[in-house]
Amino acid sequence: MTASLLRKSLEGLHVTVSAAAHVQLSANWRHRNHVTANNCIYFFREGEGMLSIRDSTFYPQPGDLYVLPVGARISFSTTEPSPFRLMFCHFHALVGQLPLFQIVDTPLYIRLQDQARAVTLFDRLIQGFQRTDDLAPLATKAAIFELLLFIWEQEPRKPEPVNPPALQRWHDILHYMEQHATEPLSIPEIAVKFNYSPKYFFRYFKSTFGQTPHQYLLKLRMERAKQLLLTTDWTVSRIASELGMERSHFSRLFLGYTDMTPSRFRSWTQVKKE
């Protein structure tokens, strides 16, 4: 992956925080062969115990920071006389439709040089996550991005791609689907174009992006339809034709995607603007 492709990927990074806190753990904090449902960052402040990530086992010390990618198999425990105290966050991170740590290689363990800065950033993240006002999501996102930047700048080995050719190929596939979404494009045609068998392409696309290629193509077409409904005075029939569909079929798909008919969506958004 070239530097420019890495930069392009990070420009499309979308992060959502699902938990953030500063906790004193009890001795019953233990689990074996647990599969993470979120990305996690653990910043250990004190205590003793064990943390296993994939095939690596660690014994965290105060000032150690660990990154646990979503889907990683982990085990952990702490001790009765000296349980861990740690700051942590759970978050989802996608580059386009790809999980961040599936395409960007980040060290599992970092011995922080600037622990005071880490405490400040975690405090900011926790405070943002605990806010209840309308600006809370913005404060939380700003804090997690700043924390990720800090972590990557602390590590001498900068973020690198896990599999550059595969990542470039998936970028190309998604770009091709976006460019041709309004054409009568079939999934077997896409698969053949990129030298996949249709069956393998379908299976691998779903495992990588969490949705089938049909669902992704439908999303592209419906988002294009929403854009046309908002920015043009085209009739619903003309928009359906632009997407390569008959009006009745398009209206049925749009209703399923938005819970509104195309005409209702257009009038609703106009009222919202007014």
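Before reading further, recall that the structure is shown in the block above.
Keep in mind the model is a prediction, meaning the values are calculated, not measured.

Q: Explain the packing of aromatic side chains to me, please; I cannot follow it from the model alone.
A: The geometry of an aromatic ring pair is captured by the separation of the ring centres together with the interplanar angle, meaning the angle of the planes. Tallying each qualifying case throughout the model produces 19 aromatic pairs. Ring plane angle 80° and centroid distance 5.7 Å describe the contact between Tyr176 and Phe194, whose orientation is recorded as edge-to-face. Residue Tyr176 is found in helix 5 (residues 164–179), and its partner Phe194 is found in the loop between helix 6 (187–193) and helix 7 (198–209); the two are separated by 18 residues along the sequence. Each member of the pair, Tyr176 as well as Phe194, is classed as buried. Judged by centre distance (5.5 Å) and plane angle (75°), the rings of Phe254 and Phe265 are edge-to-face. Separated by 11 residues along the polypeptide, Phe254 in helix 10 (residues 247–258) and Phe265 in helix 11 (residues 262–273) bring together distant segments of the chain.

Q: Would you mind going over the nonpolar core with me for this structure?
A: A general tendency of soluble globular proteins is for nonpolar side chains to be buried together. Counting 33 residues, the largest nonpolar core has Ile41, Cys89, Phe91, Ile144 and Leu147 as its most contacted members. Among the elements of the structure, strand 1 (13–24), strand 3 (39–46), strand 6 (64–68), strand 8 (85–95), helix 2 (100–103), helix 3 (115–130) and helix 4 (136–154) are those that each provide at least two residues to this core. Top contributing element to this core by residue count: helix 4, with seven residues.

Q: Honestly, the pairing of strand 8 in this entry has me stumped. Any pointers?
A: Both faces of the sheet carry side chains from a regular strand, because those side chains alternate between them. By the bridge criterion, 11 bridges tie strand 1 to strand 8 in an arrangement that is antiparallel. The residue of strand 8 that forms the bridge with Ala21 is Phe88. Here seven bridges tie strand 3 to strand 8, and the two strands are oriented antiparallel to one another. Bridge pairing links Glu46 to Arg85 in strand 8. Alignment of strand 8 against strand 9 (residues 98–99), held across two bridges, turns out to be antiparallel. If you follow Leu94 over to strand 9, its bridge partner there is Pro99.

Q: Where do I start with the packing of helix 8 (residues 213–231) against helix 10 in this structure?
A: Packed helices, taken two at a time, are described by the angle their axes make and the gap between the axes. Running from N to C, helix 8 and helix 10 cross one another at 95°; their axes reach a closest spacing of 10 Å. By the angle class used here, helix 8 and helix 10 are roughly perpendicular. Residue-level contacts link Leu218, Lys219, Met222, Glu223, Ala225, Lys226 and Leu229 of helix 8 to Phe250, Leu253, Phe254, Tyr257 and Thr258 of helix 10. When its residues are assigned to classes, the contact of helix 8 with helix 10 shows eight nonpolar, one polar and three charged.

Q: Help me understand the state of the cysteines, please; the structure alone is not making it clear to me.
A: As used in these notes, a disulfide is a covalent bond between sulfur atoms, one from each of two cysteines. With the rule as written, the count across this model stands at zero disulfides. Take Cys40: it sits in no disulfide, and the sulfur closest to it among the cysteines is that of Cys89, at 7.9 Å.

Q: When you look at helix 8 in this model, what are you seeing that I'm missing?
A: Count 3.6 residues to each turn of an α-helix, and residues three or four apart come out pointing the same way. Between its terminal C-alpha atoms helix 8 stretches 27 Å, which fits the 27 Å expected from 19 residues at 1.5 Å a residue. Within helix 8, burial applies to Pro213, Tyr216, Leu217, Leu220, Arg221, Met222, Ala225, Leu228 and Leu229.

Q: Explanation requested: the pattern of salt bridges in the structure shown.
A: Going through the model one piece at a time under the given rule, you end up with six salt bridges. For Arg124, the salt bridge is made with Glu146, and the minimal N-O distance between the two is 2.8 Å. Taken as a pair, Arg124 in helix 3 and Glu146 in helix 4 lie far apart in primary sequence, 22 residues in all. Of the residues examined, Arg124 reaches a relative accessible area of 37% and is grouped as partly exposed. With a relative accessible area of 27%, Glu146 lands in the partly exposed category. Overlapping salt bridges, with partners in common, bring together Arg117, Arg124 and Glu146 in one network.

Basis of the calculations
Residues numbered from 1 in each chain as written. Predicted model: local features only at pLDDT ≥ 70, side-chain atom pairs only at ≥ 80, totals over all residues. Heavy atoms only, no water. Phe/Tyr/Trp six-rings, centres within 6.5 Å; stacked < 30°, edge-to-face > 60°. Helix = DSSP H or I, 4+ residues; strand = E, 2+ residues; numbered from the N terminus. Buried < 20%, exposed > 50% of the residue type's maximum accessible area, 1.4 Å probe, protein only. Core = buried A, V, L, I, M, F, W, Y, C linked by side-chain atoms within 4.5 Å. Pairing = 2+ DSSP bridges. Axes fitted to C-alpha atoms, helices over the stretch in contact; angles between N-to-C directions. Parallel < 35°, antiparallel > 145°, perpendicular 65-115°, else oblique. Contact = heavy atoms within 4.5 Å. Nonpolar A, V, L, I, M, F, W, Y, C, P; charged D, E, K, R; others polar. Disulfide = S-S within 2.5 Å. Expected span 1.5 Å × (residues − 1). Salt bridge = Lys/Arg side-chain N within 4 Å of Asp/Glu carboxyl O.

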